[in-house]
Structures are given as C-alpha cells and as structure tokens.
Amino acid sequence: MQKFNTLKSIPAYLPIVNIDTDMIIPKQFLKTIKRTGLGKNLFFEMRYDDQGKEIGDFILNQNPFNNSKILIAGKNFGCGSSREHAPWALLDFGITCVISSSFADIFYSNCFKNGILPIVLEEEKIKELSEYANRKEEISVDLNENKIVYGNNEIKFDVDKFKKKCLLEGLDDIALSLKKSEKIENFEKDLKNQKPWIFND
Amino acid sequence: MPNTLYDKIWNDHLVDLQDDGTALLFVDRHLVHEVTSPQAFEGLRNSNRKVRHPNLTLAVADHNVPTTDRSKGISDKESKIQVETLEANCKEFGIKLFGMNDKRQGIVHVTGPEQGFTQPGTVIVCGDSHTATHGAFGSLAFGIGTSEVEHVLATQTLVQKKAKNFRVNVNGKLPLGVTSKDVILQIIGKIGTAGGTGCVIEYAGDLIRSLSVEQRMTICNMTIEGGARAGLIAPDEKIFKYLKDRPMSPKDKDWDKAVEYWKSLKTDEGAKFDKEIDLQAEEILPMITWGTSPQDVITIDEKVPNPQNEKDEDRKNSLERSLNYMGLKPNMAAKDIKIDKVFIGSCTNGRIEDLREAAKILKDKKIAAHVHAMVVPGSGLVKEQAEQEGLDKIFVNSGFEWREPGCSMCLAMNADKLKPQERCASTSNRNFEGRQGRGGRTHLVSPGMAAAAAISGNLDDVRKYQN
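Counting starts from 1 at the beginning of each chain's written sequence and moves along it residue by residue. Chains and ligands are labelled by the order in which they are written, letters from A for the one and numbers from 1 for the other. Residue-level local features of this predicted model are given only where pLDDT is at least 70; pairs of side-chain atoms are given and counted only at 80 or more, and the full residue set underlies all totals for whole chains, interfaces and linings.

Notes on the sheet that holds strand E10 (residues 199–204) of chain B
Residues and elements named next belong to chain B.
Here is step 1: With parallel pairing, four strands are arranged side by side in an open sheet as E11-E10-E9-E12. Every interior strand has two partners, whereas the edge strands, strand E11 (230–232) and strand E12 (275–280), have only one. Neighbouring strand axes in the sheet, compared pairwise and without regard to direction, differ in orientation by 20° on average.
Here is step 2: In this description, strands pair whenever DSSP reports at least two bridges between them. Starting at the N terminus, helices and strands are each numbered in turn, a helix being any DSSP run of H or I of at least four residues and a strand any DSSP run of E of at least two. With six bridges joining them, strand E9 (residues 164–171) and E12 adopt parallel strand pairing. Paired with Asn169 across the two strands is Asp278, which belongs to E12.
Here is step 3: Any residue pair is listed as a contact if its two C-beta atoms, each placed from the backbone, are within 7 Å. Axes here mean lines fitted to C-alpha atoms, for a helix over just the part in contact, with angles spanning 0 to 180 degrees between N-to-C directions. The strands touched by helix H1 (residues 5–12) within the sheet are E9, E10 and E11, with E10 carrying the most contacts at an inclination of about 125°.

This is how it looks when you write it as structure tokens:
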C-alpha cells in the first residue's frame, strides 16, 4: 500500500449529501477482476452524458479540479454498497484524501486499506475549506501532525492511532495480523473444545 | 456488568485486544461471491498465502448470473470471466462453491441461512453490505471490503473497533397488509441513512419477537440502509426450529450443545445502550420510497414532499435533486405515481414467504397492460419450493415473468435493468440514482405492495387487494 504523509492540492468541492458508492462507481464497472483502471469511470453517471462525452459542468471535468488530490463532499459520503471499487476508483483518479462531515462505516475503513485518508470535519469548517476550492487555492494535509493548513489557518483532525500508523508506514495489515498467529491458534483450540460445531468437520 | 447481545458476541470472538481498543476478531463464517473476491484471491496468490479455513468459507455466484435460461452459459463476456474466476479460485483454494447450475445456488444471503451455514452467536462476514441479513439469527454479521475479504481468507480474523450499542424497540401488532419491509422502511425514515453510523443495532420488542425468521431477515438486511453495519435479533425457538436438520447445521450431540449456547444469547436486563428508539407497530402503514435515498419514505396515503417547505438549504437542494431525478412533482399523491416495471426478488424480499405474500395478492388477477413485471426467486431452492406450491403459476397467469435465481435487477449487474426514466416498484433495498440501470427510477416497497402496483399500474395500497 502506498504511504500517506503530506498532501498539497487544490481541493475539488462536490456539495452533495449521501453520495453513495453506486454514484462513485456504478455497477457496470464492478465486473473487473483488477484493482486498477477504474479512475476514468469515477462518478461515471455525473461525469459523462449518454454519448460518453464529458459533462462540462461536473467539477472533476474542469481544470484544475481534474487534477485534484483532495475531494470535499457532503455528509454521509460513501454510503451503500461495500464495494472497495469506490476507493480504488478515487485512488486511480488521483484522489487520496476525502473530507466530509461524516462517512459511512464500510467506505471509511476501505479507504485506509488503500492509502486514502478520509477526514471528518464539522460542517462549518467544510464550508470554510470549500472556499479554497471555489478560489482554486491549494490547501495542505499533514497526517503526521493531524492538521490541514489553508492560508494562514489550520484545523486539527482526529484519526485513529493504529490506522494512522498503517497509513504513514504503508503497512500490510494481513502481515501484522499473521504475526499474531499463535494467539489465533490458541483461540481456535479453545473454540474447538467449547463450540465443536463451528468447524464443520 | 450486564451485557448486550452484541457485547457478548464481541467478547466471545476476541483473539487480541490492543491498548487503543483495536481488536482482532475471530470470524466463524465467511461468505464469498464473484464481485468482491477476485482481487482478494489475487492478493493471496501474490503474497503466497493460503486460505486458513476453507471449511468456514462458502462461495456462490449471484450478482452476475443471468436469470433467464442458463443452458448456454453467460453471454456477457466480463460477467462470464468474473464467475469463472470465482470457480477457479474456489478450486485452487479448496472452497466449497455452489455453481450456477446447482439448485442450491442463490443470493449469498438467502443461501447461507438455507444451508444452516448461518448460525446464532457467530461472527459472519461477506464482501457485501447486506450481510447484515444474517443478524436475524442472532449473529454478528456485517459487510466488508475486498481488502478485508483477503484478510479473513488469510487469517480467519478481522481488525475491528467496537461499535456503539443501538436498540430499536418495536412493540404492538402490525395492521393488516403491513409487513416487516414497512417496519424497516419506517425505521430508516425515522433515523435517516446515517442514523446508525458507528453502531450495531439490536431489534427488540414483542412485534420483532412475533415475526417469522424470514421477516426478521428482511429487517436486519436493510440495517445498512440506516447506516449501521450490523443489525441483530436475539435467537429463539423459531430460529432453532428453522436451523434444525439444515445441511450445515450442527448435528447430534453438537446440536444439543449448540442450542444450549444459543439460548444464552440475549441482552441482559439493565444492559446499557448508547442509543435507543421506540416504535409502535399499530402506527406503521404500507410504505413507499419517493426519492433516491432509502430514508425518503412516505406512506401510500401521503404526498411527495415539497422542497419549498424546507428551511435547511442543503436538505432543500437534496429534495430538489431527488424529485428531478425521479421525475416527480412536489405534493403529488403517492398513488398517482405510474409505474412501468415491477421487480420482486433480492436478498431483502426474495424468499418463499415474500413470494407467497405477493402471490396471495396476485391470485386470479391480471397485471396492468403497460407493466412489465418479474419475479426472481432468491435461490434455486426457493424457486423449487414455490413451484411445488404452484406460486409460479399464479405469477405467470397474472402476467409476471418467472425467472432463475440471482441478484438481478436489485443492482442491475446482469441483463435485468431499467431503461432511462423507467419507473419500477421494487422489493429490493436501494433506490439510489442509477441503481437499477442508468436513469432508472426505483420505488422501494414490500412484496404485497409490489403486487398491488403491478395490478393497478401505479403505486397503490395493498390493503385494497387484501381478501
């Protein structure tokens, strides 16, 4: 997994609430057996018309937002389906930080597995930051310091310590869990004794 | 200290707990389907890892499979590759798979319970948000992403943080024609699509206890639409009876031991909930969704909302956007909404009781001439059972198409989809923009309400057709 440390970009602002993962990446693109190549289909239905031409009004079709690495969006971002294709599509497009006043649980946890930092801020702060998108000014995100710097201001944000460590170091959490193999084996032994029916053998 | 049902299952599965609260949780049951697993298996191969417990894993193809004649296989090239990839991966890693022509094949959340793979007190995961369905058995069941699927395959565990406890109490008796689908739509309308975020919901109260196992599944299934990753109900005799003698249920001595344990699975008196709401069943009416979020619910007697009445600017914009997408006018009566299609099926409402409920309304009636309607049973076994009961004939005689099992038009990954601006009364779980096909318009309803809409040609009150 790619490490996340600091990031500087003009943010793109998508002021829609309840953006679901069907909107982020519609089902016709879930037929892939790869993780890559989904960026061109990110927000497909809002981004292209029936003929497949880019819709000029859509924010990510406009310069400089087509190069944004930071997306600011309405509350409850990423609700709906558990599809990890949603963070894969964001990542493939180049977005590695999403800022919203709330995220759906599964999407939120999927982000961290893919080097994407989701940041939760109060609505008021979101409005302040969105001004930077409107003015096409850069903001920067510093995960080490848990802060966003914009103009002469900064905002602190919370992130789970363990998740932060994994992002900063680009850790493979399967390898981390496998280091606990002995604990898993002990658990399984107890389980076999106490609930023998679990193992289907 | 008194514990909730969720606390108990959580504590029973802790392999490791770090100081910061990050837990390693043992997973008893892992369901796998073709859409969210290929990259996970590829990950295992790339890092030379094996599946730790193939025996605790069950796979079935459901999202991509055609619901028409399957004798010639899948015509869509990409769908075909995905289903074949699942088959190859299951073979390589030694996982049991119900193939496309196996009569046990079906939607993963219908198949799991049917086979007795789903059991009380277990942690069940699947790369699918509707895994919450299995919570009806008193299991902690939730959807995960593909990276987590890979993690479970490799370690049979998952890294998790404990969620909050949220109890939804429903007491009383439901009025005629009102079903568990209406109950869950009402709950989502009340708490909103983010109301359960960060929580596990326990459904309780005498109405919930009075529901059948399948009705409970419908409620737990849509928990994710209220933002909670898992929803559960304390198991009782109905659950034990349902599971007895299922192919993968505990046998002989194990059965008695299992039931003894299952009986302990309930929230202790005085256990603390972080959030709690109460609903009275008598006040719940047949529901529909009018907009593009499952929280956009009204009763069949109500009118579509008017954005002009909204003071909150974000909410107003969101209402306008939804109305525009749905092609509806403010203040329009629900019963004036004309429909083009009806879909009965999905992991929410594709089980035998759902089909019986719809068939009861459709018996000796014809659907409106302009309506195209289809029934997609949740599994091959549901289909077989329905055919034994003659339900297929009722559906076909009324003008419905009788299809092969799968996810079908719930998410339109196969050929079953809405055309732009087509409007559908659907027993599925999501009315998102484009969910059932680009530009398609979805109204979520119960199976009885879907049948009523098919007959009337517009959204209508199922109570009108009750005998």
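Overview of unusual backbone geometry
Phi is mostly negative for residues that are not glycine, and the peptide bonds are mostly trans.
Residue and element names in this part refer to chain A.
Here is step 1: Here the amide bond leading from Asn63 into Pro64 is cis, since omega sits at 5°, within 30 degrees of zero.
Here is step 2: Of note, Pro64 is situated in the loop between helix H2 (44–47) and strand E3 (70–73).
Here is step 3: With a phi close to 55°, Asn18 is a non-glycine residue in the positive phi region.
Here is step 4: Looking at the secondary structure, you find Asn18 in the loop between strand E2 (12–14) and helix H1 (21–24).
Here is step 5: With C-beta atoms placed from the backbone, a residue is buried if 20 or more other C-beta atoms are within 10 Å of its own, exposed if 12 or fewer are, and partly exposed between those counts. Judged by local crowding, Asn18 falls into the buried class, with 26 C-beta atoms found within 10 Å.

Topic: the environment of B:Ala359
Residue and element names in this part refer to chain B.
Here is step 1: Assignment of secondary structure puts Ala359 in helix H13 (residues 352–362).
Here is step 2: What makes Ala359 buried here is the crowd of 24 C-beta atoms within 10 Å.
Here is step 3: Placed 27 residues apart in sequence, Ala359 and Ala386 show a C-alpha to C-alpha distance of 9.9 Å.
Here is step 4: Dropping the residues within four chain positions of it, Ala359 is found in contact with Leu391, Ile394 and Phe395.

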